[in-house]
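Listed here are the chains, written in short residue letters.
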Amino acid sequence: MFSKKMVWVLMAIFAFLSITTFIENMPKKKEKHVIEKISAYFPYELTKTIGGLDILDKKSGKKLKIDNAKVFLAFDDLLKKWGKTHLRLEGSTLVILDDEKRVIDKMVLNKKELSFVKDFFFK
């Protein structure tokens, strides 16, 4: 019924779909210096659990129940949404705002960091 060729074809299809899913669910590359600076003000953090990783809301202490395969995508999405309301660019300076839109910190960006901020948060 099944030939050896059919088994190889099915294995190749399975491998292709697995690799495609893996690549699709990888987080975007980030500028380490920028992320380190804003992570102190970002209200979520990644935490290790018995089953893998989860996202913790720093304000309420509640864990968001996110599938492990999607945790990095969800974290990036939360970071982008937060960045749209709490970050502002003034030339090559990144301004970090609190919930009341008051300036709490600033950071001068180089060209690479500026490009990352524009693409990641403001696109």
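This report concerns the structure included in the present document. Just so we're clear, the structure is a prediction, and the values are computed from it rather than from any experiment.

1. Quick look at the sheet that holds strand 5 (residues 93-97)
At step 1: Read from one edge of the open sheet, 3 strands run 4-5-6, paired in antiparallel fashion. Looking at strand neighbours, the two that pair on one side only are strand 4 (87-90) and strand 6 (103-108), the edges of this open sheet. Neighbour-to-neighbour, the strand axes of this sheet turn through a mean angle of 25°, independent of strand direction.
At step 2: Across the sheet, helix 4 (residues 111-121) lies against strand 4, strand 5 and strand 6, angled at about 135° from strand 4, the strand it touches most.

2. A look at the side chain of Glu113
At step 1: Among the structural elements, Glu113 can be located in helix 4.
At step 2: One buried charged side chain, Glu113, makes no salt bridge at all; its nearest oppositely charged neighbour is Lys112, positioned 8.7 Å away.
At step 3: Excluding its chain neighbours within four sequence positions, the residues that come into contact with Glu113 are Glu31, His33, Val34, Met107 and Val108.

3. Focus on the nonpolar core
At step 1: Membership of the largest hydrophobic core comes to 20 residues, with the highest contact counts inside it found for Ile38, Leu94 and Phe121.
At step 2: Elements supplying a minimum of two residues to this core: helix 2 (32-39), helix 3 (71-86), strand 5 and helix 4.
At step 3: Those residues in contact with Phe121 that lie beyond four places of it in its chain are Ile38, Leu79, Lys80, Gly83, Lys84, Leu87 and Phe116.

Cut-offs applied
- Residues numbered from 1 in each chain as written.
- Predicted model: local features only at pLDDT ≥ 70, side-chain atom pairs only at ≥ 80, totals over all residues.
- Heavy atoms only, no water.
- Pairing = 2+ DSSP bridges.
- Helix = DSSP H or I, 4+ residues; strand = E, 2+ residues; numbered from the N terminus.
- Axes fitted to C-alpha atoms, helices over the stretch in contact; angles between N-to-C directions.
- Contact = heavy atoms within 4.5 Å.
- Buried < 20%, exposed > 50% of the residue type's maximum accessible area, 1.4 Å probe, protein only.
- Lys, Arg positive; Asp, Glu negative; His and termini not counted.
- Salt bridge = Lys/Arg side-chain N within 4 Å of Asp/Glu carboxyl O.
- Core = buried A, V, L, I, M, F, W, Y, C linked by side-chain atoms within 4.5 Å.

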